[in-house]
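# Report on the structure
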Amino acid sequence: MNNTSNGASAYQPPPADVTRAKVSAGLARRYRAEARFRALGLGATLLGILFVIFLFGSVVWRGYSIFGQHQVRLDVFFDPEVIDPSGTHSREALLAADYQALVRASLKARFTDVEGRRQVRDLTALVSTGAAADLQDAVLADPSLIGQRRSLWVLTSSNVDWLLKGKVARSAPENERRISDEQLGWIDALIKDGRIEQRFNWTFFRHGDSRDPELAGVGGALAGSLLTLFVTLLLSFPVGVAAAIYLEEFARQNRITDLIEVNINNLAAVPSIVFGLLGLSMFIGFFGMPRSAPLVGGVVLTLLTLPTIIIASRAALKAVPPSIREAALGMGASRVQTVAHHVLPLAMPGMLTGAIIGMARALGESAPLLMIGMVAFIVDIPQGLTDPSTVLPVQVFLWSDSPERAFVERTSGAIIVLLLFLIVMNATAVVLRNRFEKRW
């Protein structure tokens, strides 16, 4: 007992200043660790923002010039001997006429000193190959133009447009650029006469794909994307909402529903190309649906977006307070009436938000659509769900693989259009959520 008491009495607590020093040192270490953690988080955030700015900045820098296109004014004489020698004005004769000869004659009338086939070919190369088609369309729309002289604005070639936009150095040696010194002189003369101007590039939005860069546009890809998304929304939203309502409001909790929920969550993580393989083997191979059509693309993207819509719709249903259901049931409403008249209207904003996010994901997908043939070269703008078409991401893929330098500008321009489309869809989802969402 004495030893114990002596040992206990021998213990002396540390002085208060020593304790405070230890506590202060521990707090200082903790504060330094917290400061380092905050600095790392801030640095990671700033680094991510810088990468995003660099990515978008490089795309915009390369693609903003696509929204302007240089055009040249031609004084065209619609020579009856070239267009319709027989004078019948039949559609077959007007379609068979050599309108390129009218373009050459217009340019030679301005540059009378041009002689020889090589010079004529180089002079005509200043104008897009689509100029002849523009003249043909003008004559078909108004046959009374035959025999008259009119001034028309047509596209310059991609080489001229590339030069005037500063993408090619005029001071570079002649063998390092696709515009000769003689052609530079002709271009300068046309600019001096006020015959070359840069205008808004409506061709980029109205035309489909083309081998000539100045004629290539995203009109076909835009139409194909809209038709494909229409089919996707028409199929995925009702099915996804119905599945979410059943699983959340009516299904009993058992092994079957647990298995369904696990599979839905797993499908959301399946690589998108797997859905393309499924569409290729089932919808095209087994059911014989048309290849490279918005109908098949919409069905494939429906499988891709269904898990997203189901999960978002179930989350929206869970957000509705149980008191709403209890009050409706207490007033004598059935389960179906409670869901249809009370729960579903309150959950609909969240469901619409999930649907729009799913559509935004579907808009950016290209791998599953490549598998069903939507990588084809499509010139005509699709008019229906079964017409051959492509979509914006696939169009970007096609142009990025083109060796022509002018397609670099169009690739970046198509990416800008795609990003704007996605921003509009996501902004719509945010507006719908903020406008209609109820907080409990």
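Up top is the structure these notes are about.
My aim in this report is to walk through the structure given alongside it, one point at a time.

Of regular secondary structure, the protein chain possesses 19 helices and three strands. Computed over the C-alpha atoms, the radius of gyration of the protein chain is 34 Å, more than 25% above the 22 Å expected from 2.2 N^0.38 for a compact globule of 440 residues. In terms of overall dimensions, the protein chain has a C-alpha envelope of 130 × 70 × 40 Å along the principal axes. When the 440 residues of the protein chain are sorted by exposure, 40% land in the buried category. Sequence separation of 24 or more characterises 78% of the internal contacts of the protein chain that already satisfy a separation of 6 or more. Summed over its atoms, the accessible surface of the protein chain is roughly 24300 Å², and 62% of this surface lies on carbon and sulfur atoms. When the 42 basic and 37 acidic side-chain charges of the protein chain are each reduced to a single mean position, those positions are 13 Å apart.

If you walk through the whole model with that rule in mind, you get 11 aromatic pairs. Note on Phe200 and Trp202: the rings are 4.7 Å apart at their centroids and 65° apart in plane angle, and the pair reads as edge-to-face. The exposure class of Phe200 is partly exposed, given its relative accessible area of 39%. In this structure an aromatic cluster arises from ring pairing among Phe67, Phe200, Trp202, Phe204, Phe205, Trp399 and Phe407. Positioned above the aromatic ring of Phe111, the side-chain terminus of Arg110 is 4.7 Å from the ring centre. Looking at Arg211, its charged tip hangs above the ring of Phe377, at a distance of 4.0 Å from the centre.

On to the nonpolar core. Counting residues in each nonpolar core, the largest one holds 51 residues, and the members touching the most others are Met351 and Leu392. When residues of this core are traced back to their parent elements, those giving at least two are helix H11 (219-250), helix H13 (272-286), helix H14 (294-318), helix H16 (335-363), helix H18 (392-400) and helix H19 (406-436). For this core, the element with the highest residue contribution is H16, accounting for 11 residues. Ignoring sequence-local partners within four residues, the contact set of Leu392 consists of Val218, Ala221, Leu222, Ser225, Val417, Leu418 and Phe421. Grouped together as the second largest cluster of nonpolar side chains are 35 residues, Leu145, Leu184, Ile187 and Leu190 included.

All right, on to H13 then. Between its first and last C-alpha atoms H13 spans 20 Å; for 15 residues at 1.5 Å apiece the expected length is 21 Å, and the two agree. For H13, the elements touching its buried residues are helix H12 (255-267), H14 and helix H17 (367-371).

Turning to the environment of Ala216, a few remarks are in order. Along the chain, Ala216 turns up in the loop between helix H10 (203-206) and H11. On the basis of relative accessible area, Ala216 is assigned to the buried category, the value being 1%. The sequence separation of Ala216 and Arg206 amounts to 10 residues, and the corresponding C-alpha distance is 9.2 Å. Beyond its immediate stretch of four places on either side in the chain, Ala216 contacts Phe204, Gly208, Asp209, Ser210, Trp399, Phe407 and Arg410.

Our focus in this paragraph is the side chain of Ser292. On the secondary structure map, Ser292 appears in the loop between H13 and H14. Of the residues examined, Ser292 reaches a relative accessible area of 5% and is grouped as buried. With near-sequence residues (within four places) excluded, Ser292 lies in contact with Ile372, Gly373, Met374, Ala376, Asp387, Pro388 and Ser389.

Strands sit in the order E2-E1-E3 across an open sheet of three strands; the sheet is antiparallel. Strand pairing shows two members of the sheet lacking a second neighbour, strand E2 (149-155) and strand E3 (196-200), which therefore form its edges. Recorded for the sheet is a direction-independent mean angle of 40° between the axes of neighbouring strands. By the bridge criterion, five bridges tie strand E1 (residues 68-77) to E3 in an arrangement that is antiparallel. Looking at the pairing, Gln71 lines up with Glu197 of E3.

Another aspect to go through is the side chain of Glu365. Tracing the chain through its elements places Glu365 in the loop between H16 and H17. In this structure the side chain of Glu365 is engaged in a polar contact, spanning 3.0 Å, whose partner is the side chain of Ser272.

Glancing now at the packing of H11 against H14. Contact geometry of H11 with H14 gives a least axis separation of 6 Å together with a crossing angle of 35°. As H11 runs across H14, the sense of the crossing is right-handed. Here the residues of the contact of H11 with H14 are counted per class, giving 18 nonpolar, 10 polar and four charged.

Here we take up the packing of H11 against H16. Running from N to C, H11 and H16 cross one another at 140°; their axes reach a closest spacing of 9 Å. Between H11 and H16, the angle falls in the class oblique. For the crossing formed where H11 meets H16, the hand is right-handed. The residues of H16 that touch H11, namely those facing Ser225, Leu229, Thr232, Leu233, Ser236, Phe237, Val241, Ile245, Glu249 and Phe250, are Arg335, Val336, Val339, Val343, Leu344, Met348, Met351, Leu352, Ala355, Met359, Ala362 and Leu363. Its residues assigned to classes, the contact of H11 with H16 comprises 17 nonpolar, three polar and two charged.

Here is what the cut-offs are and how they apply
Residues numbered from 1 in each chain as written. Predicted model: local features only at pLDDT ≥ 70, side-chain atom pairs only at ≥ 80, totals over all residues. Heavy atoms only, no water. Helix = DSSP H or I, 4+ residues; strand = E, 2+ residues; numbered from the N terminus. Rg over C-alpha atoms; globule rule 2.2 N^0.38 Å. Buried < 20%, exposed > 50% of the residue type's maximum accessible area, 1.4 Å probe, protein only. Contact = heavy atoms within 4.5 Å. Areas by Shrake-Rupley, 256 points an atom, 1.4 Å probe, with all protein chains shown as cover. Lys, Arg positive; Asp, Glu negative; His and termini not counted. Charge placed at Lys NZ, Arg CZ, Asp CG, Glu CD. Phe/Tyr/Trp six-rings, centres within 6.5 Å; stacked < 30°, edge-to-face > 60°. Lys NZ or Arg CZ within 6 Å of the ring centre and 35° of its normal. Core = buried A, V, L, I, M, F, W, Y, C linked by side-chain atoms within 4.5 Å. Expected span 1.5 Å × (residues − 1). Pairing = 2+ DSSP bridges. Axes fitted to C-alpha atoms, helices over the stretch in contact; angles between N-to-C directions. Polar contact = N/O pair within 3.5 Å; in protein donor to acceptor, adjacent residues only side chain to side chain. Left-handed = near helix turned anticlockwise from the far one by under 90°. Nonpolar A, V, L, I, M, F, W, Y, C, P; charged D, E, K, R; others polar. Parallel < 35°, antiparallel > 145°, perpendicular 65-115°, else oblique.

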